[in-house]
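This is what each chain is made of:
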Amino acid sequence: MALVHEFYLIPAVEDAEHLWMNIADNSKVMDRVVIHDDIILYINDTLKWVPSSNPALPGMPTGAGINYYGVTLFDQHSAAALHRIFSAWRDLFLNSPQVLELTGEFYTVEGEEQSGQYERLIYERHEVIEQFEKMISFADKLFEGGFYLFHCGI
């Protein structure tokens, strides 16, 4: 199974600290989008600019960016940054060919110290654009207030 990041849009509830535990089966989930880990890694530096909190830790401390291996909560304070960042990436990728080719992580060949190369990431542009547009629509809902966006990492 491929590594993915899941984002769930839900109405704001008082118990956000515990809601994430069964989020995939929760009837309150209004919508969701799944984004491949390679895409998240590609844009991750810019995601570090988004205000967020960690509902898995006591007191749900605030911070910025996503909890790569765990859960992250985005709220109304996250909306503007999420909207601008995903809009910018969408607009940039709209200039690419239909087959989106990106440079991924650098890896080495075992046993060969001087050998290595960058992974080639290949996606259908329209699929990535659709995922980003869904994230933009989630950010629009966060602007309204009364909603949370949960991120579940790999």
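Scroll up for the structure.
Described below are features of the structure shown in this document. Owing to the predicted nature of the structure, the values given are computational and were not obtained by experimental measurement. (Residues numbered from 1 in each chain as written. Predicted model: local features only at pLDDT ≥ 70, side-chain atom pairs only at ≥ 80, totals over all residues. Heavy atoms only, no water.)

## Structural notes on the pattern of salt bridges
One side chain can pair with another of opposite charge once the charged atoms of both are near each other.
Item 1. Going through the model one piece at a time under the given rule, you end up with 6 salt bridges.
Item 2. One salt bridge in this structure joins D91 and R90, with 3.0 Å as the shortest N-O distance.
Item 3. Taking the shortest distance from any N to any O, the salt bridge between K141 and E144 comes out at 3.7 Å. Taken together, the positions of K141 and E144, both in helix α4 (residues 125–144) and 3 residues apart, correspond to about one turn of that helix.
Item 4. A relative accessible area of 27% places K141 in the partly exposed class.
Item 5. Relative accessible area serves as the criterion here: at 53%, E144 is assigned to the exposed category. (Salt bridge = Lys/Arg side-chain N within 4 Å of Asp/Glu carboxyl O. Helix = DSSP H or I, 4+ residues; strand = E, 2+ residues; numbered from the N terminus. Buried < 20%, exposed > 50% of the residue type's maximum accessible area, 1.4 Å probe, protein only.)

## Digging into the packing of aromatic side chains
Item 1. Applying the stated criterion to the full structure yields 8 aromatic pairs.
Item 2. For the pair Y148 and F150, a centre-to-centre distance of 6.5 Å together with 75° between the ring planes defines the contact as edge-to-face. The exposure classification of Y148 matches that of F150, with both residues buried.
Item 3. An aromatic cluster is defined as three or more aromatic residues linked by ring pairs; in this entry it consists of Y42, F86, W89, F93 and F132. (Phe/Tyr/Trp six-rings, centres within 6.5 Å; stacked < 30°, edge-to-face > 60°.)

## Some thoughts on the side chain of S78
Item 1. One can find S78 in the loop between β5 (71–74) and α3 (79–93).
Item 2. Classification of S78 by relative accessible area gives buried; the value is 1%.
Item 3. Ignoring sequence-local partners within four residues, the contact set of S78 consists of V50, P51 and S52. (Contact = heavy atoms within 4.5 Å.)

## Comments concerning the nonpolar core
Item 1. The biggest cluster of nonpolar side chains holds 32 residues, and the ones touching the most others in it are L82, F86, M135 and L149.
Item 2. Of all the elements in the fold, those that place two or more residues in this core are β1 (4–11), β2 (31–36), α2 (37–47), α3, β6 (99–108), β7 (116–124), α4 and β8 (147–152).
Item 3. Among the elements that take part in this core, α4 stands out by supplying 8 residues, more than any other.
Item 4. With near-sequence residues (within four places) excluded, L82 lies in contact with V50, F74, M135, A139, L142 and L149.
Item 5. Y8, I10, V71 and L73 belong to the second-largest nonpolar core, a separate cluster that totals 8 residues. (Core = buried A, V, L, I, M, F, W, Y, C linked by side-chain atoms within 4.5 Å.)

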